[in-house]
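# Architecture at a glance
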Amino acid sequence: MLPPSAPLVGEAAGLGTACLWVVTSLCFAAAGKRLGVSTLNLLRLLIAIVLLATTLRLTSGVWWPSPLTDQQLVLLAISGVVGLAIGDQALFTAFVDIGPRLSLLLMTTAPIIAALLGWGFLGEQLTPLTLVGIAVTVSGVAWVIAERPATGADVVRHPHHTRGVILAIIGAACQAAGLMLSKAGMGHLDPSVPRVDPLAGTLVRAVFGVAALALVIVALGKRMPRERNERIKDQRTKGLTFAFMGAVFGPYLGVWLSLVAADNLPVGVAQTLMSLTPVLILPVAAFALKERISVRAVIGAVVAVAGVALLFLEPSA
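So, here is what we can say about the structure in this document.

Cut-offs applied
- Residues numbered from 1 in each chain as written.
- Predicted model: local features only at pLDDT ≥ 70, side-chain atom pairs only at ≥ 80, totals over all residues.
- Heavy atoms only, no water.
- Helix = DSSP H or I, 4+ residues; strand = E, 2+ residues; numbered from the N terminus.
- Buried < 20%, exposed > 50% of the residue type's maximum accessible area, 1.4 Å probe, protein only.
- Contact = heavy atoms within 4.5 Å.
- Axes fitted to C-alpha atoms, helices over the stretch in contact; angles between N-to-C directions.
- Parallel < 35°, antiparallel > 145°, perpendicular 65-115°, else oblique.
- Left-handed = near helix turned anticlockwise from the far one by under 90°.
- Nonpolar A, V, L, I, M, F, W, Y, C, P; charged D, E, K, R; others polar.
- Phe/Tyr/Trp six-rings, centres within 6.5 Å; stacked < 30°, edge-to-face > 60°.
- Core = buried A, V, L, I, M, F, W, Y, C linked by side-chain atoms within 4.5 Å.

## Considering the overall build of the chain
When its secondary structure is counted, the chain shows 13 helices and 0 strands. When the elements of the chain are put in sequence order from the N terminus, they spell out α-α-α-α-α-α-α-α-α-α-α-α-α. For the chain, the residues scored as buried account for 48% of the 317 residues in total. Once local pairs closer than 6 in sequence are excluded, the contacts in the chain between residues at least 24 apart make up 88%.

Pasting the structure below:
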């Protein structure tokens with residue numbers, strides 16, 4: 001992990017987060033088919049808590065971050081509930097309702113929401129060059145995701161289309177709000193309080209995210225576990241393996257790096273860099289999954305990378 005004072009640490013962390021989420025998205029896609037969305041959501045956070053607490057113990061000698069002011073604890077707790085429980089549950093449900101392509105397209109609004117929240121609540125100012133970089137990057141990502149596949153699979157309208165669109169927008173808003181609340185909870189809202197390390201902040205978020213997600217699962221009812229057990233009993237071991245791998249790269253390393261990015265950058269810039277996952281997954285889809293990549297996807301990727309280059313031209317202070 002780069003020290004906070006290293007040049008471009010926030011930009012590197014944002015790109016690193018996007019790269020890690022490429023891996024975790026593939027792992028969770030495989031695990032979700034075998035374990036179910038709600039079970040996977042809860043399991044990934046439980047695994048992350050164990051890894052985060054162990055890492056914190058090894059690096060600082062404590063199992064729980066201290067000292068935390070009441071305000072910091074509340075802000076980090078709310079960010080975990082909003083971002084890791086409500087936001088992710090809404091997004092994964094949207095994947096089922098309207099498919100990943102349209103869901104991710106709607107998620108490209110997250111950097112814009114994050115920039116507005118950072119400006120409104122944290123007083124972050126974005127330069128014209130940074131605003132152009134955000135706009136170009138979001139446009140490139142949206143251009144890639146908006147392309148219809150040749151098979152026309154995503155053209156079919158799902159019975160819950162409206163619900164899926166609403167949930168995807170909620171997921172985008174929750175992701176942006178969770179990042180902003182995390183930054184505030186780490187000490188950026190009140191300069192007089194001690195800063196919270198991103199690792200410690202991630203652990204607090206995960207703990208409260210698990211608590212909220214458990215309540216969500218209870219509220220959803222009790223009919224799903226038996227149905228899943230009958231359908232995928234012989235694949236549970238593989239599902240758990242993929243879930244563990246996804247938890248390592250996602251809510252452990254990925255969310256940790258996302259807070260490093262938010263700690264060193266305006267939240268709008270950090271969210272923009274982290275939204276590059278749909279573009280970064282293109283080489284994986286081409287070489288590992290043997291999918292055909294269109295000219296449109298390549299052009300969109302180039303545009304997104306150009307936008308990122310603009311963000312790197314004006315590094316954080």
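## Some details on the packing of helix 7 (residues 161-188) against helix 11 (residues 267-274)
Contact geometry of helix 7 with helix 11 gives a least axis separation of 10 Å together with a crossing angle of 130 degrees. In terms of orientation, helix 7 and helix 11 fall into the oblique class. The way helix 7 lies across helix 11 gives a crossing that is right-handed. Packed against helix 7, whose contacting residues are Gln 175, Ala 176, Leu 179, Met 180 and Lys 183, the element helix 11 presents Val 267, Ala 270, Gln 271 and Met 274 at the interface. Looking at the contact of helix 7 with helix 11 residue by residue, the class counts come to 6 nonpolar, 2 polar and 1 charged.

## Considerations on the side chain of Thr 272
Within the secondary structure, Thr 272 sits in helix 11. Discounting residues that sit within four places of it in the chain, Thr 272 has contacts with Pro 111, Ile 134, Thr 137 and Leu 311.

## Details of the packing of aromatic side chains
The final tally for this structure, using the stated rule, is 1 aromatic pair. Taken together, a centroid distance of 6.0 Å and an interplanar angle of 45 degrees make the contact between Tyr 252 and Trp 256 tilted. Of this pair, Tyr 252 and Trp 256 both sit in helix 10 (residues 236-264), separated by 4 residues, roughly a single helical turn. Judged on exposure class, the residue Tyr 252 and its partner Trp 256 are both buried.

## Some words on unusual backbone geometry
Residues apart from glycine generally show negative phi values, whereas peptide bonds are mostly found in trans. Following Ser 66, the chain continues into Pro 67 via a peptide bond in cis, with omega recorded as -5 degrees. Relative to the helices and strands, Pro 67 is located in the loop between helix 2 (37-60) and helix 3 (70-98).

## Here's the deal with the nonpolar core
Core analysis: the biggest nonpolar cluster contains 63 residues, and Leu 52 and Leu 179 have the highest contact counts within it. If you tally residues by element for this core, the top one is helix 10, at 9 residues. Sequence-distant contacts of Leu 179, that is, excluding residues within four places in its chain, are made with Ser 258, Leu 259, Ala 262, Val 267, Ala 270, Gln 271 and Met 274. Formed by 6 residues, the second largest nonpolar core is a distinct cluster that contains Ala 90, Ile 98, Leu 106 and Ala 168.

## Quick notes on the packing of helix 1 (residues 9-35) against helix 10
In contact at an axis separation of 7 Å, helix 1 and helix 10 are set at 160 degrees when each is read in the N-to-C sense. What the angle tells us is that helix 1 and helix 10 run roughly antiparallel. As for how helix 1 packs across helix 10, the hand of that crossing is left-handed. Classifying every residue of the contact of helix 1 with helix 10 gives 22 nonpolar, 11 polar and 3 charged.

Any functional reading would require information that these geometric values do not contain.
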